[in-house]
Every structure is written in C-alpha cells, then in structure tokens.
Amino acid sequence: MGLTASVLAIDAGNSKTDVAVVAGDGEVLGTARGGGFRPPVVGVETAVDALGEVIGQAFARAGVTAADHVSACLANADLPVEEEQLAAALRARGWGTTVEVRNDTFAILRAGVSAPRGVAVVCGAGINCVGMRPDGRTARFPALGRISGDWGGGWGLADEALWWAARAEDGRGGPTELARALPAHFGLDSMYALIEALHLEHIEHGRRHELTPVLFATAGQGDPVARAIVDRLAEEVVVMAAVALTRLELLDEEAPVLLGGSILAARHPQLDDRVRELLTARAPKAVPQVVTARPVLGAALLGLDHERAAGRAHARVRAHFER
C-alpha cells in the first residue's frame, strides 16, 4: 500500500487547473498545473480523466498514491446536481477516501479569509458570488448567465460594448467612442466590418474577450457610454454581495467581501471606486478586499477545514502559496 497525504486540493477553472497535495501539518508535498476543466464541452468523464493526468503528476512529486480527502473547487459546478455528478466521478477514481466538490468561486473566498466566513464576488469570463459561514451555511447563485439573471463578466461586457457600438454607427443609438475603438483593436475601420468578421468567423469567437480591456480603456478616457457599462458592472457586483450577506445574516456585522477574477483583480480605478462607494451605501459594515492569492490555496484550506487540521497547518499552507 502506498503512502497517503491528508488533502488533495484541486482548483479547476475554465482555462487552467492547479493541484496541490498537502500533509496534515500543512506542508505542501507536491503541485502540478494543467489545462482548463470544461465538462459541458467534453463531458464529465472525459473532463475528470484529464484531471487525472495533473493529479498523477502531483502525486508523483509528493511521493504518495492517494489522499484522505479530496477538496475540489471546480468550474461549471454551478448546481447541486452538478456537484453530485462530479463528486461521484472523483470518488470512482479512488484519489481520496472522502470527496467534497464545490464551485470554484468558493476557492477564491476561502483563499482570502482566515476563517470560512464572508462573501466573494468573482468577475472573470463570467460573474458569480458565493458566501459561507463557519457553521456550514452557504449562499450562492446558479450563475448560468442571463437565464439565471446574471449580467457582467468579460464575455457579457464585450457583448454589451458591441451592442452599443453597433447602434452608435448605424444611428439607432447615441455616439460612443466604442464604435471606433472596438473595430480598431482588430485593425478594422468600422463596426460593420467588425460585425461581418465576427459573424463569418474571420475573427475567432474566442477573441471577443479581447474587447473587454478596450471597453475599460475607453471608459478611462471619459466616454459616457463606456463609463455607464462599467458603472452597471459595479452595481451588479454590489447587489450580489449584499444579497449573499443578507442570506447569511452578515449584513449587519463586519464581514469580508472578497473581490476576485481577472476583471476585479485588475483594479480598474472607476470600477474599484464605484464598487466600494456602492458597497458602503448598501452594506456599510462590509470590508472589501481584492484577492490575488492562487485559488488552489482556498481549496487546500477547505480541505484542511474538513480534516479539522490545527491552525498552524492552515498557516503553513498559506505561507507556501503567499511567499
């Protein structure tokens, strides 16, 4: 029988996967990184098989063959039924005695707090919000896009910018510098040319996300339409945080609100200032904080929470990832 670690921590996002093998005292025995985790595209079994390659590398570096507990924070685990399906697939692989699957937003939340208490809003490709309390209570949203009431995220911002720019050029909307800046990013001279290039896939669909930084740059130059889009994102971030705080009965007490994901971590001045302004009005006791720690730290801490590890173990694993 091979050696066993305490926690196998997995943070698997749409673009990358981080794995860490952690001992009971918090020592990080081995790590590995792989590609994105996208079960809606390739299927649950294929996606979990791909995780196996990264996990195998981490196990080999750690000199172990399994863990007591698997703490997996996974993208696309948006509904309880999806968490159950993914947990069953992980259990079937025999990587750990017990398995707990959470949405990957929980990893960002736990990475940013000293105890499992608070709320996190993540804005990257999409937007999501979760909250938790030490007693196990959680707050969350389906985070499935417009069908679940969401607005924002990199893809949503790019689409919104395109909508306003298209209408500005053809006369259905007011003027905005976005009508020039968006096509110019791709070396084109009009929104019509950009619309055609996107529709005919002369520009790959995946490159639309490149327009989000253009939106923020245009807002920074004072364009009213671009600034209004950024302000709306701030409103969405704050309303999600306030609702989660309310559900967890944390609205009236000091509680951390963690801001993560590529868009919020970029600290765009207008967005950052507006989020803090609105949060002060809606949740005066909330303490906003941008999280820059690697989310796999959060998955590891959640695993140590599950194993009831001593506080020094938590401190040791945090020191490893924050050094």
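Refer to the structure presented above.
Residues numbered from 1 in each chain as written. Predicted model: local features only at pLDDT ≥ 70, side-chain atom pairs only at ≥ 80, totals over all residues. Heavy atoms only, no water.

Q: Mind laying out the overall build of the protein, listing which residues take part and the relevant values?
A: Looking only at helices and strands, the protein features 13 helices and 10 strands. Relative to the globule expectation of 20 Å for 323 residues, the C-alpha radius of gyration of the protein, 21 Å, shows essentially globular dimensions. Summarising its shape, the C-alpha atoms of the protein cover approximately 70 × 45 × 35 Å along the three principal directions. Sequence-distant contacts in the protein: of pairs separated by 6 or more residues, those separated by 24 or more amount to 69%. Looking at the protein as shown, the accessible area adds up to about 14,700 Å², and 51% of this sits on carbon and sulfur atoms. Counting 32 positive and 40 negative side-chain charges, the protein places the centres of these two groups 4 Å from one another. (Helix = DSSP H or I, 4+ residues; strand = E, 2+ residues; numbered from the N terminus. Rg over C-alpha atoms; globule rule 2.2 N^0.38 Å. Contact = heavy atoms within 4.5 Å. Areas by Shrake-Rupley, 256 points an atom, 1.4 Å probe, with all protein chains shown as cover. Lys, Arg positive; Asp, Glu negative; His and termini not counted. Charge placed at Lys NZ, Arg CZ, Asp CG, Glu CD.)

Q: Provide a residue-level description of the sheet that holds strand E5 (residues 96-103), including the pertinent values.
A: If you walk across this open sheet you meet the five strands as E3-E2-E1-E4-E5, and the pairing is mixed. Across the chains shown, the open sheet's two edge strands, defined by having one partner strand only, are strand E3 (28-34) and E5. Put simply, the sheet's adjacent strands are angled 15° from each other on average, direction ignored. As paired strands, strand E1 (residues 4-12) and strand E4 (residues 66-74) are joined by eight bridges and run parallel to one another. (Pairing = 2+ DSSP bridges. Axes fitted to C-alpha atoms, helices over the stretch in contact; angles between N-to-C directions.)

Q: Can you lay out helix H12 (residues 295-306) for me, pointing to particular residues and giving the numbers?
A: For H12, built from 12 residues, the straight-helix expectation of 16 Å at 1.5 Å per residue is met to within 8% by its first-to-last C-alpha distance of 17 Å. Buried residues dominate H12, accounting for 10 of its 12 residues. Looking at H12, one finds that the buried residues are Pro295, Val296, Leu297, Gly298, Ala299, Ala300, Leu301, Leu302, Gly303 and Leu304. One or two residues past the end of H12 sits arginine 308, with phi positive at roughly 55°. (Expected span 1.5 Å × (residues − 1). Buried < 20%, exposed > 50% of the residue type's maximum accessible area, 1.4 Å probe, protein only.)

Q: Now, about the sheet that holds strand E9 (residues 255-260): what can you tell me, with residues and values included?
A: Strand order in this open sheet of five strands is E8-E7-E6-E9-E10, and the pairing throughout is mixed. The open sheet is flanked by strand E8 (138-140) and strand E10 (286-290), the only strands paired with a single partner. Across the sheet, the axes of successive neighbouring strands diverge by a mean angle of 15°, strand direction being ignored. Across three bridges, strand E7 (residues 127-132) lies against E8 in antiparallel orientation. Looking across to E8, one finds that methionine 132 is bridged to threonine 138.

Q: Report on the pattern of salt bridges, specifying residues and quantitative values.
A: Once their charged atoms are close, side chains differing in charge can pair, the charge on each being opposite to the other. The final tally for this structure, using the stated rule, is 21 salt bridges. The residue aspartate 18 makes a salt bridge to arginine 33 at a minimum N-O spacing of 2.7 Å. In this pair, aspartate 18 sits in strand E2 (residues 17-22) while arginine 33 sits in strand E3, placing the two residues 15 residues apart along the sequence. Here arginine 318 makes a salt bridge to glutamate 322, at a shortest N to O gap of 3.0 Å. With arginine 318 and glutamate 322 both in helix H13 (residues 311-322) and four residues apart, this pair spans about one turn of that helix. The class for arginine 318 is buried, based on a relative accessible area of 18%. Under the relative-accessibility criterion, glutamate 322 is labelled partly exposed at 45%. Because the salt bridges share partners, they merge into one network encompassing Asp11, Lys16, Asp18, Arg33 and Arg294. (Salt bridge = Lys/Arg side-chain N within 4 Å of Asp/Glu carboxyl O.)

Q: Summarise helix H3 (residues 80-93); cite the residues concerned and give the values.
A: The end-to-end C-alpha separation of H3 is 20 Å, in line with the 20 Å expected for 14 residues at 1.5 Å each. Residues Glu83, Leu86, Ala87, Ala89 and Leu90 constitute the buried set of H3. Viewed end-on, H3 has its buried residues packed into an arc of 160°, placing them on one side of the element. Of the exposed residues in H3, the ones pointing more than 90 degrees away from its buried face are Glu84 and Ala92. Elements in contact with the buried residues of H3: helix H1 (39-42), helix H2 (44-62), E4, E5 and E8. (Arc of directions from axis to C-beta.)

Q: Quick one: what's the story with the packing of aromatic side chains, residue by residue and with numbers?
A: Summed over the entire model, instances satisfying the criterion amount to one aromatic pair. One cation-aromatic arrangement involves arginine 102 over phenylalanine 106; the distance from NZ or CZ to the ring centre is 5.3 Å. Over the aromatic face of phenylalanine 141 sits the side chain of arginine 247, whose NZ or CZ is 4.6 Å from the ring centroid. (Phe/Tyr/Trp six-rings, centres within 6.5 Å; stacked < 30°, edge-to-face > 60°. Lys NZ or Arg CZ within 6 Å of the ring centre and 35° of its normal.)

Q: Talk me through the environment of tryptophan 95; I want residue IDs and the actual numbers.
A: With respect to the element layout, tryptophan 95 can be found in the loop between H3 and E5. With a relative accessible area of 13%, tryptophan 95 lands in the buried category. Counting along the chain gives 27 residues from tryptophan 95 to aspartate 68, while the straight-line C-alpha distance between them is 8.5 Å. For tryptophan 95, the residues in contact, after removing those within four places along its chain, are Leu8, Val48, Leu51, Gly52, Ile55, Phe59, Ala66, Ala67, Val70 and Leu90.

Any functional reading would require information that these geometric values do not contain.
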